[in-house]
Amino acid sequence: MNKKIVFASLCMFLIAACTREPLKIGFSVGDFSSDRWSQEPQIFQDEATALGAQVLFEYAYGDANQQIEQVRKLIASDIQVLIIFPTSADNWAPIVEEAHKAGITVIAYDRMLKDAGVDYYFSFFNEDVGKQQAQYAVDNRPKGNYIILGGPTSDNNSLLLMQGQKNVLQPYIDRGDITILLEKHLETWNSIDAYNEMQTFLDKNKVKIDAILAANDELAGGSIMALEMVEDSMVMIITGQDASVGGCQNILNGKQSMTVYKSIRNLAREAAQASVKMAKSEKITNATNLVSDGTNEIPAVLLKTVVVDKNNMKETVIADGFIKEDQLSFAP
Ligand code: BGC
């Protein structure tokens, strides 16, 4: 090859390398409805930064309209990848379209964006969380009166979870072994909502409750508070999700039966690694699942979840370093 051509190619390569845009990822955090959300953005950032990317965060604090405005701002910030953890699943289609027009890859994080056609979904097997809760309950209480307290319907995970619970419970209900006393999606993931719901129920109904399928540790905690206000209100099984410090402590204190542990560190790290690859226009190979957003089938990375109760807490959440032993007080 002619020396001049080699020299010209080398110069072009150097110019391209020097002018390559910095890797920029936008992360829109919808709310702080459970402990995990105060940790995940940081884990994501640490991983993405170590891989050479910059992460711009916006926090919507549960305000769906504000989140959409903040995402518009991120779209205009020269990002290559946009991560959305939505506080509400609805109204995203035009925004995702705007992002796509700007050449941005869009990832739904933990919760799906409905009918919006995002490029990827990173989450857990959410229906399995519901199945694990219900299976734990029927294994320990195959007959009796059940209450189902779900998360808000604005969060698609709440629907998947209840679907999973129902899949397990239905044969028991059909046989007449299990009676559902109350089944409700609460307005929010706030423990106060669960407290109010349970308090109203307990005021009106003097009936034995065998199990409360609370969708996460927050709702379990609210239910426990309401039960503690009533004399002789022994409930055998109370489920949860997230393996929060509060949930695990309630389990150790015998107030909650189980929780579902989801490694949010793995989720945040996997999403960060994939985002950096996408920002460099590299392909990812681990989105091997497909999850419907209602209209489109979205390639998804879904992580497995683990049932935790007092018998395996040390071998799971503690061994994993998710919770440190000294954050909990174990009975002597
Ligand atoms: C998540 C749960 C969390 C809940 C409240 C759901 O979408 O999957 O892990 O407990 O939101 O933040």
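Just so it is clear, the structure is predicted and the values come from calculations on it, not from any experiment.

Conventions we followed
Residues numbered from 1 in each chain as written. Predicted model: local features only at pLDDT ≥ 70, side-chain atom pairs only at ≥ 80, totals over all residues. Heavy atoms only, no water. Buried < 20%, exposed > 50% of the residue type's maximum accessible area, 1.4 Å probe, protein only. Helix = DSSP H or I, 4+ residues; strand = E, 2+ residues; numbered from the N terminus. Pairing = 2+ DSSP bridges. Right-handed = clockwise from strand over helix to strand, strands pointing away. Domains from an automatic or database assignment. Contact = heavy atoms within 4.5 Å. Buried area = accessible area lost by both parts, 1.4 Å probe. Salt bridge = Lys/Arg side-chain N within 4 Å of Asp/Glu carboxyl O. Polar contact = N/O pair within 3.5 Å; in protein donor to acceptor, adjacent residues only side chain to side chain. Nonpolar A, V, L, I, M, F, W, Y, C, P; charged D, E, K, R; others polar. Expected span 1.5 Å × (residues − 1). Core = buried A, V, L, I, M, F, W, Y, C linked by side-chain atoms within 4.5 Å. Axes fitted to C-alpha atoms, helices over the stretch in contact; angles between N-to-C directions.

Draft legend 1. Spotlight on the pairing of strand S4 (residues 105–109). Burial analysis of S4 places 5 of its 5 residues in the buried class, which makes it a mostly covered element. Inspection of the sheet shows strand S3 (residues 81–85) paired to S4 by 4 bridges, in the parallel sense. From the neighbouring strand, Leu-82 faces S4, where its bridge partner is Val-106. As a crossover connection, the stretch from S3 through helix H4 (residues 93–101) into S4 is right-handed.

Draft legend 2. Layout of the domain arrangement of the protein. For the protein, the assigned domains are domain 1 (21–118 + 263–303) and domain 2 (126–262 + 307–327). Here the C-alpha centre of domain 2 lies 29 Å away from the C-alpha centre of domain 1. Counting residues at the interface gives 14 residues for domain 1, matched by 18 residues for domain 2. Between domain 1 and domain 2, roughly 1,300 Å² of surface is buried when both sides are summed, and carbon and sulfur atoms account for 43% of that area. In this structure, the connection of domain 1 to domain 2 is made through 1 salt bridge. Between Asp-155 and Arg-111 there is a salt bridge, with the nearest N and O atoms lying 2.9 Å from each other. Counting every contact that joins domain 1 to domain 2 gives 5 residue pairs in polar contact (both at pLDDT 80 or more). Here the side of domain 1 that touches domain 2 is composed, by residue class, of 3 nonpolar, 5 polar and 6 charged.

Draft legend 3. Inspection of helix H5 (residues 126–140) at higher detail. Here H5 is 15 residues long and its end C-alpha atoms lie 22 Å apart, about the 21 Å a rise of 1.5 Å per residue gives. The complete set of buried residues in H5 reads Asn-126, Val-129, Gly-130, Gln-132, Gln-133, Ala-134, Tyr-136, Ala-137 and Val-138.

Draft legend 4. Region of interest: the nonpolar core. In terms of nonpolar packing, the biggest core is built from 39 residues, with Tyr-146, Ile-147, Leu-149, Leu-169, Met-198, Ile-209 and Ile-212 touching the most fellow members. Going through the elements one at a time, H5, strand S6 (144–150), helix H6 (156–174), strand S7 (178–185), helix H7 (191–204), strand S8 (211–214), helix H8 (217–228) and strand S9 (237–238) are the ones with two or more residues in this core. In this structure Ile-212 touches Ile-147, Leu-149, Met-198, Ser-223, Leu-227, Val-235, Ile-237, Ile-238 and Thr-239, once residues within four positions along its chain are discounted. Counting residues in each nonpolar core, the second largest holds 30 residues, with Leu-23, Trp-37, Tyr-109 and Leu-267 among its members.

Draft legend 5. Quick peek at the sheet that holds strand S12 (residues 297–303). Taken together, the 7 strands give an open sheet; going across it, the order is S2-S1-S3-S4-S5-S12-S11, and neighbouring strands pair in mixed fashion. For this open sheet the edge positions go to strand S2 (54–59) and strand S11 (289–292), each flanked by a neighbour on one side alone. Neighbour-to-neighbour, the strand axes of the sheet open up by a mean angle of 30 degrees, direction not taken into account. The sheet contact formed by strand S1 (residues 24–29) and S2 spans 6 bridges and is parallel. Of the residues in S2, the one forming a bridge with Gly-26 is Leu-56.

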